[in-house]
Amino acid sequence: MLALMASLVSLAVGTSFAKSLFPALGAEGTTAYRLVFATVMLMAVFRPWRRKWVWADALPLGLYGVTLGVMNLLFYSSIKTIPFGVAIAIEFTGPLAVAVWTSKKASDWLWVTLAIVGLALLLPLPGADAATALDPMGMFFAFSAGICWALYIVFGQRVALRYGAMATPMGMLAAALVVAPIGVWHAGSALLDPQWLAAGLAVALLSSAIPYALEMFSLNHLPKNTFSILLSLEPAVGALAGWLVLAEHLTLAQGLAIALVMAASMGTAWSAGQDKRVTPGSGQA
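Residues numbered from 1 in each chain as written. Predicted model: local features only at pLDDT ≥ 70, side-chain atom pairs only at ≥ 80, totals over all residues. Heavy atoms only, no water.

## Things to note about the overall build of the protein
Here is step 1 of the chain: Helices and strands together make up the secondary structure of the protein, namely 12 helices and 0 strands.
Here is step 2 of the chain: The linear arrangement of helices and strands in the protein, starting from the amino end, is α-α-α-α-α-α-α-α-α-α-α-α.
Here is step 3 of the chain: Each of the 285 residues in the protein was classed as buried or not, and the buried ones make up 48%.
Here is step 4 of the chain: In the protein, 88% of the contacts between residues at least 6 apart in sequence involve partners at least 24 apart.
Here is step 5 of the chain: Approximately 14,000 Å² of the protein is accessible, and the part contributed by carbon and sulfur atoms is 73%. (Helix = DSSP H or I, 4+ residues; strand = E, 2+ residues; numbered from the N terminus. Buried < 20%, exposed > 50% of the residue type's maximum accessible area, 1.4 Å probe, protein only. Contact = heavy atoms within 4.5 Å. Areas by Shrake-Rupley, 256 points an atom, 1.4 Å probe, with all protein chains shown as cover.)

See below:
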């Protein structure tokens, strides 16, 4: 549990730090840094070149990797204009939708209702203070990132069954190949500045390498439903990091919206855990 919480904190701090690079590199350049450096780290650890690859592997791994890359790019684009914690809460609708879609329990619609109410609280209401209203484009980017997250889960389960741990570095490679040209186009020669290179390495470590290692450790020591429930704390950790690192302040309605989406996520994780106890072997891959 401590490893998973440390993973959430590392990810939140890394993403908050990444947002501070946006004025110099933009969301595109910062995303490129994260994916390229993370790819190099994963390649060094997993050494996927030891496996024999064929052209038939390109499509499933490509779909997985492109979805991962676009998801990261959309999420970083969203936090340019909306608070970090709110963006995570909106993005969480992706895995929530997958969990409910694959469920056969009518009670799971309660969690859908909670999520819908939470998202509705984020929409601008007539007469609301314009200064606290969320940027529509930022919300669109976050919601699109959630759709990509849902696809990432679907594609990720397929490649995990087929390629095991080797799917991770190869998928990250595909993600980097898609996003890096976009980052170069937007940030240009600034990506070669030594101070930004060092910052990009820190972003990759805090946002990718360290959280991934800690999550793998916690997965080996926690039941999957417990892992999923604790992972639902990510929006709250993100909101706290946004407040401490970026001085982002949430309205009461935005805080309540985050709480409702977290409750919906925890509820679906708990419900899935109940199903696993009733039907052994029905857990996720």
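## Some words on unusual backbone geometry
Glycine aside, residues mostly have negative phi angles, and peptide bonds mostly take the trans form.
Here is step 1 of the chain: Within the chain, Arg-47 stands out as a residue other than glycine whose phi angle is a positive 45°.
Here is step 2 of the chain: When you line up the elements, Arg-47 lands in the loop between helix H2 (22–46) and helix H3 (58–78).
Here is step 3 of the chain: For Ala-247, which is not a glycine, the phi torsion comes out positive at approximately 60°.
Here is step 4 of the chain: Relative to the elements of secondary structure, Ala-247 occurs in the loop between helix H11 (234–246) and helix H12 (252–278).

## Quick word on the confidence of the model for the protein
Here is step 1 of the chain: Here the protein averages 83 in pLDDT, and 89% of its residues register 70 or above.
Here is step 2 of the chain: The lowest-confidence element of the protein is helix H10 (residues 224–231), averaging 72 in pLDDT; the highest-confidence one is H3, averaging 94.
Here is step 3 of the chain: Segment residues 277–285: pLDDT under 50, and 9 contacts once partners within four positions in sequence are set aside and those in other chains are kept. (pLDDT = per-residue confidence, 0-100.)

## So, the environment of Pro-23
Here is step 1 of the chain: With respect to the secondary-structure elements, Pro-23 resides in helix H2.
Here is step 2 of the chain: The class of Pro-23 is exposed, set by a relative accessible area of 75%.
Here is step 3 of the chain: In the structure, Pro-23 is positioned 57 residues away from Lys-80 in sequence and 9.6 Å away in space, judged by C-alpha atoms.

## Thoughts on the packing of aromatic side chains
Here is step 1 of the chain: Following the criterion strictly, the structure yields 8 aromatic pairs and no others.
Here is step 2 of the chain: Ring geometry for Phe-75 and Phe-84: centres 6.1 Å apart, planes at 65°, overall edge-to-face. Accessibility classification places Phe-75 together with Phe-84 in one group, the buried group.
Here is step 3 of the chain: Look at Phe-140 and Phe-141: their rings are 6.1 Å apart centre to centre, the planes differ by 50°, and that puts the pair in the tilted class. (Phe/Tyr/Trp six-rings, centres within 6.5 Å; stacked < 30°, edge-to-face > 60°.)

## Description of the pattern of salt bridges
Here is step 1 of the chain: Under the counting rule described, the total for this entry stands at 2 salt bridges.
Here is step 2 of the chain: Here Lys-19 makes a salt bridge to Glu-248, at a shortest N to O gap of 2.4 Å. In this pair, Lys-19 sits in helix H1 (residues 2–19) while Glu-248 sits in the loop between H11 and H12, placing the two residues 229 residues apart along the sequence.
Here is step 3 of the chain: Using a relative accessible area of 15% as the deciding quantity, one classes Lys-19 as buried.
Here is step 4 of the chain: Looking at Glu-248, the relative accessible area reads 14%, which means it is buried.
Here is step 5 of the chain: Across the salt bridge formed by Asp-57 and Arg-162, the nearest N and O atoms sit 3.7 Å from each other. Pair noted here: Asp-57 is in the loop between H2 and H3 and Arg-162 is in helix H7 (residues 136–163), with a separation of 105 residues, a long-range link.
Here is step 6 of the chain: According to the relative accessible area criterion, Asp-57 is buried, its value standing at 7%.
Here is step 7 of the chain: Exposure remark for Arg-162: the relative accessible area of 47% places this residue in the partly exposed category. (Salt bridge = Lys/Arg side-chain N within 4 Å of Asp/Glu carboxyl O.)

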